[in-house]
Amino acid sequence: MLKSILFDMDGVLFDSMPYHAVAWAKVCNEYGLAMTEEEVYMNEGRTGFSTINMLTKRQWGRETTEEEVEHIYQLKCIAFNEFPPAPKMPGTESLLTQVKASGRTIMVVTGSGQASLLDRLTTNYPGFFRPELIVCSHDVKHGKPNPEPYLMGLQKLGAALNPDGAPLRPWEALVVENAPLGVRAGVAAGVFTIAANTGPLPDSALLDEGANLIFPSMQAFSDAWGSLNL
């Protein structure tokens with residue numbers, strides 16, 4: 001009954017997390033909000049607002065402001081865009097090719113809202129992604145680890161695939177994530193969640209959040225696709 005695969009973007013489709021980690025840590029520390037690169041990986045998937053608000057509550061004992069979020073996130077985007085374009089994650093294109101050949105619909109669910117990244121989907125992976133089947137930070141009120149992004153994904157898929165527009169049921173989909181909070185969001189949405197550990201965190205960081213299956217890379221996932229009987 002599997003109808004769709006919902007892919008996270010950073011760390012799954014693109015090997016962009018090292019750039020994000022450096023950019024977030026650099027800008028936040030310069031702003032007076034202590035943050036390590038490892039902490040960026042642990043909190044990957046949050047919206048910009050959620051990330052900054054977490055830091056201001058922890059270090060300044062208060063909620064952030066819209067002005068702070070706009071300023072810090074703009075600086076982070078500038079720092080991120082100073083890096084060369086992030087390469088495609090090895091193994092992902094071959095996996096997408098197999099998923100498409102199997103007749104399953106492909107969707108992106110990302111905590112990013114940067115237009116430059118979303119635009120890269122169509123240029124780097126032509127023919128795989130449809131604009132109406134993307135969920136980004138602008139589409140939700142609560143980002144990962146809240147299940148809302150993946151529940152929104154099921155709604156959009158239902159509107160695209162079901163004659164009555166009813167949301168896809170959780171067991172008709174599969175989530176592919178690389179981040180602990182993303183795994184938590186997929187599991188909370190009731191969707192079978194596969195983790196690809198493409199970053200520096202131990203496998204336990206993903207398994208402890210409820211990942212149903214884990215691979216050491218997207219290439220390993222792609223190589224195993226034919227044997228999974230999905």
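Quick caveat: nothing in here was measured; it's all calculated off a predicted structure.

1. Remarks on the overall build of the protein chain
Regarding its fold elements, the protein chain presents 10 helices and six strands. Taking 2.2 N^0.38 as the reference for a compact globule, 230 residues should give roughly 17 Å; the C-alpha atoms of the protein chain span a radius of gyration of 17 Å, in line with that estimate. In terms of overall dimensions, the protein chain has C-alpha extents of about 50 × 35 × 35 Å along its principal axes. For the protein chain, the proportion of its 230 residues judged to be buried stands at 53%. Considering only residue pairs separated by 6 or more positions, the protein chain has 64% of its internal contacts joining residues 24 or more positions apart. Just so you have it, the protein chain exposes about 10,000 Å², and 55% of that area is on carbon and sulfur atoms. Looking at charge distribution, the protein chain has the averaged site of its 17 positive side-chain charges lying 5 Å from that of its 26 negative ones.

2. Remarks on the packing of aromatic side chains
Inspection of every chain in the model, using the stated rule, returns eight aromatic pairs. Taking 6.3 Å as the distance between ring centres and 40° as the angle between the ring planes, the aromatic pair formed by Tyr31 and Trp60 counts as tilted. Here the residue Tyr31 occupies a position in the loop between helix H1 (17-30) and helix H2 (37-42), and Trp60 occupies one in helix H3 (residues 48-60), the gap between them amounting to 29 residues. For Tyr31, a relative accessible area of 28% gives the class partly exposed. Members of the aromatic cluster, connected to one another through ring pairs, are Phe14, Tyr125 and Phe129. Across from the ring centre of Phe80, 5.1 Å away, lies the NZ or CZ of Lys76, which sits over that ring. A cation sits over an aromatic face here: Lys100 above Phe128, 5.6 Å from the ring centre.

Calculation criteria
- The residue numbering used here restarts from 1 in each chain and proceeds along that chain's sequence as written.
- With the structure being a predicted model, the display of local features is reserved for residues of pLDDT at least 70 and the display and counting of side-chain atom pairs for 80 or more, all residues being used for whole-chain, interface and lining totals.
- Here the side-chain values reflect all heavy atoms present in the structure, with hydrogen atoms and water set aside.
- The helix count covers DSSP runs of H or I at least four residues long, the strand count covers runs of E at least two residues long, and both are numbered beginning at the N terminus.
- To get the radius of gyration, use the C-alpha atoms; to get the globule rule, take the number of residues to the power 0.38 and multiply by 2.2 Å.
- Only protein chains enter the accessibility calculation, which uses a 1.4 Å probe; a residue whose area is less than 20% of its type maximum is buried, one above 50% is exposed, and one in between is partly exposed.
- Note on definitions: a residue-residue contact is assigned when non-hydrogen atoms from the two residues lie within 4.5 Å.
- Surface accessibility follows the Shrake-Rupley procedure with a 1.4 Å probe radius. Residue values consider only the protein chains on display as shielding.
- Counted as positive: Lys and Arg. Counted as negative: Asp and Glu, with His and the chain ends omitted from the count.
- To locate a charge, take NZ of a lysine, CZ of an arginine, CG of an aspartate or CD of a glutamate.
- Side-chain rings of Phe, Tyr and Trp, where Trp is taken by its six-membered ring, are said to pair if the distance between their centres is within 6.5 Å; with planes under 30 degrees apart they count as stacked, over 60 as edge-to-face, and otherwise as tilted.
- A positively charged side chain is recorded as over a ring if its NZ (Lys) or CZ (Arg) lies within 6 Å of the ring centre. The angle to the ring normal must also be within 35 degrees.

These results come straight from atomic positions and should not be treated as a statement about function.
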